[in-house]
Amino acid sequence: MAEVMEPVLKVEKVNKRFGSFNALTDLTFSVEAGHVFGMVGENGSGKSTALRIVVGLERADSGSISICGMDASEHPAEIYHYIGYVPDSFGLYENLLVQEYMTFFAEASGLEGYLARRRISHALEMVGLSGREGLYVDYLSSSMKQRLCIARAMLNYPRLLILDDPMKGIDLKNRFELRDMIRELSAQGTTILISSHMITELTEFCTDLGIMAGGTMKEQGSMEHFLKQSRMNRPLKIRVSGMADQAVGVLDRLEPVHAVTVDNNQLRVIADNTTEAETMILSELVREGVPVVSFLREDENFEAFIKRKTGGDIG
Amino acid sequence: MNNPVLKREVRANMRSPKLILSIIGFNLVLALTGFIFLAFFEEAEPLERLFLELFFREDAARSMTASELAYNSIRLLYCLLILLEFVLLFFIIPTLTGSMIAGEREQQTLDLMLTSQLSPKTIVFGKLLAMMKTILMILISTLPILSLVYVFGSFSLFDMFASFGVMLVLSFFIGSIGLLFSAWIKRSVPATLCTYIVLLGMCILPLVIARLMPDLVGPGGSRPASFFHTLALLLNPLMSIVCLLKMRFGAETSFVSYLENTTNMAAETPIVRHWLIMSLLLQLVVAYLLVLLATKYLRPQYRRREMNSALKERMTVDPEAEKKKESQ
């Protein structure tokens with residue numbers, strides 16, 4: 001019998017209340033080994049709270065969290081060997097040199113001497129900060145500070161790297177660099193859980209996506225699944241030169257059509273995304289004598305699709 | 001001591017101009033006080049007698065000859081400097097400790113430490129020891145000024161070390177209160193203010209209560225003072241300093257009579273006879289408990305436990321395996 005791989009992170013029915021506010025309600029999701037799991041959701045949907053609970057900085061009211069097969073509440077000290085955490089703020093000691101900052105966290109991770117030095121130089125090399133060891137942290141640019149934070153989190157070679165909105169406040173060029181870095185880490189076998197508002201960027205390196213809304217995981221699946229769904233759900237834009245009301249009547253009768261809206265002579269049709277459905281719709285309209293001027297799929301991007309799914313504004 | 005937090009704090013403190021400014025300021029205040037005392041105070045004989053009466057045996061100063069008065073003035077100067085040192089520490093330590101944990105929270109670096117292998121105990125003790133190291137440096141820097149009174153005699157090295165030791169214990173105690181508030185209250189400024197309020201309350205309230213409500217603490221000499229009032233006085237850092245000064249530089253029995261008069265406590269109890277030692281020991285124990293309590297505020301979710309042996313093994317990585325992993 002084939003061995004079933006245990007997910008690196010398994011969150012089950014986690015609930016969290018802040019006073020009368022339900023921050024998380026029955027939050028359930030899992031992250032498979034080697035995957036890059038992107039968490040998206042509008043502000044206040046509970047992404048950061050969920051991540052803080054996973055790393056043990058907040059107490060869950062109920063539910064269970066297992067990291068690398070270990071129950072986090074049963075093995076509280078041990079889980080910190082397996083996770084690296086980068087919060088949404090930098091969290092830096094600006095009066096220390098880069099080398100001193102890294103040495104402090106290496107020692108805090110139980111690394112000493114040769115091992116610590118090797119890990120520090122490897123982590124800095126990985127994020128492109130080699131040669132900056134002698135600089136004060138204060139003198140680094142925002143993107144360098146972000147990279148330093150990731151280097152710090154990578155010191156103990158974590159099985160699970162948790163990044164809370166790492167792209168916040170960094171420019172496009174550095175965002176690309178960060179994307180490449182995450183891809184590289186993932187290629188090396190690190191499992192990554194990342195929350196972000198930059199949905200388009202997430203599509204470039206995430207293997208899985210979780211959509212959060214109102215403190216629950218509304219939908220979770222592979223990125224491929226969501227991209228396919230997004231392509232499938234693109235509405236049809238049909239322009240007619242007249243008889244718009246008749247056209248609506250014709251479309252309402254057709255099985256592949258789910259919804260129709262009209263704006264002057266412009267029809268927006270939610271229908272199955274298959275060639276057969278498109279052929280049927282067009283031929284029925286022409287047969288009924290509707291003067292069709294143009295017939296095409298609306299160019300809705302992935303971000304708009306996800307926003308529609310979360311039912312709110314992300315970012 | 002291999003505490004990463006202590007090492008980082010000491011490194012950052014050494015780099016900060018605050019430490020050197022504190023040392024200069026501290027010494028400047030002591031030196032100026034000594035200078036003003038020697039230059040002007042000795043001339044004002046009635047004032048001098050009054051201070052001597054307050055510090056030493058109440059009736060002794062009145063009958064002193066002029067030469068005895070001059071000799072005792074130097075002892076008084078030393079007492080004043082010690083008292084001043086205490087007052088300065090009283091105000092400096094809460095500002096140092098108030099931001100120690102709350103400041104890490106504000107800087108959002110506490111989360112990073114808590115998600116590393118550091119236990120809350122290591123973090124809190126690292127912070128406390130770093131504060132003690134700063135205080136030790138300040139106290140050592142004041143030794144040359146305090147030892148100037150040696151020129152005039154009447155002091156032993158023991159006196160100096162005794163006051164030094166008492167200052168260290170009191171700093172540890174005051175620091176632990178500051179650290180507890182810093183861990184409990186999320187912001188530095190309120191944490192510092194709360195520490196001041198509690199310390200002032202600890203120093204003044206028991207004495208005020210004893211003065212205003214003598215019946216509450218037990219009538220003078222007839223029966224022992226109430227347990228809680230004795231406890232409050234033992235924990236009072238100001239009382240410890242007064243006790244040190246009176247016992248080292250006044251008559252042996254003067255502190256006992258002072259306690260009797262101020263607090264209506266029975267003189268024959270062992271606590272009163274060994275007040276300074278009892279008070280310092282109690283303060284050390286309470287300080288340790290407060291620090292342990294402070295660690296509780298740093299771990300909201302998981303109880304920290306010792307690493308199991310398998311994970312300890314994981315930490316001792318073979319360098320060859322390490323290189324192999326890095327080259328992947």
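Here, the structure is the one placed above.
The structure displayed is predicted, hence computed values, not measured ones.

A. How the structure looks around the overall build of chain B. What chain B contains, in helices and strands, is 16 helices and zero strands. Of all 328 residues assigned to chain B, the portion counted as buried reaches 49%. Of the contacts formed within chain B by residues at least 6 apart in sequence, a portion of 79% connects residues at least 24 apart. If you sum the accessible surface of chain B, you get close to 15,600 Å²; carbon and sulfur atoms cover 69% of it.

B. The sheet that holds strand β8 (residues 191-195) of chain A, seen in detail. All names here are of chain A. With mixed pairing, the six strands of this open sheet are ordered in space as β6-β7-β8-β3-β9-β10. This sheet does not close on itself; its edge strands, each paired only once, are β6 (83-86) and β10 (216-222). Mean inter-strand twist for the sheet, computed between neighbouring axes without regard to direction, equals 15°. Across five bridges, the pairing between strand β7 (residues 160-164) and β8 is parallel. What sits directly across from D164, in β8, is S195. Relative to β8, helix α5 (residues 172-187) is tilted by about 150°, and along the sheet it contacts β3 (36-41), β7 and β8.

C. View of helix α2 (residues 17-40) of chain B. For α2(B), spanning 24 residues, the distance from its first C-alpha to its last is 34 Å, which sits close to the expected 34 Å at 1.5 Å a residue. N-cap assignment for α2(B): the residue whose side-chain oxygen lies 3.0 Å from the backbone N of B:K18 is B:S16.

D. Molecular detail of helix α10 (residues 227-234) of chain B. All names here are of chain B. Taken together, the buried positions of α10 are occupied by H229, T230, L233 and L234. Buried residues of α10 fall within an arc of 135° about the axis and therefore sit on the same side. Opposite the buried face of α10, by more than 90 degrees, sit the exposed residues F227 and F228.

E. Here's a closer look at the sheet that holds strand β13 (residues 266-271) of chain A. Residue and element names in this part refer to chain A. The strand order across the open sheet built from four strands is β12-β13-β11-β14, with neighbouring strands paired in antiparallel fashion. The two strands at the open ends of the sheet, each matched to only one other strand, are β12 (257-263) and β14 (292-297). Sheet twist, expressed as the average angle between the axes of neighbouring strands with direction ignored, equals 20°. Taken together, the six bridges between β12 and β13 define a ladder with antiparallel strand orientation. In the sheet register, V257 faces β13, and the bridge partner there is A271. Sitting on the sheet, helix α9 (residues 275-287) is in contact with β11 (236-240), β12, β13 and β14, with an inclination near 170° to β14.

Conventions and cut-offs
Residues numbered from 1 in each chain as written. Chains lettered and ligands numbered in written order. Predicted model: local features only at pLDDT ≥ 70, side-chain atom pairs only at ≥ 80, totals over all residues. Heavy atoms only, no water. Helix = DSSP H or I, 4+ residues; strand = E, 2+ residues; numbered from the N terminus. Buried < 20%, exposed > 50% of the residue type's maximum accessible area, 1.4 Å probe, protein only. Contact = heavy atoms within 4.5 Å. Areas by Shrake-Rupley, 256 points an atom, 1.4 Å probe, with all protein chains shown as cover. Pairing = 2+ DSSP bridges. Axes fitted to C-alpha atoms, helices over the stretch in contact; angles between N-to-C directions. Expected span 1.5 Å × (residues − 1). Polar contact = N/O pair within 3.5 Å; in protein donor to acceptor, adjacent residues only side chain to side chain. Arc of directions from axis to C-beta.

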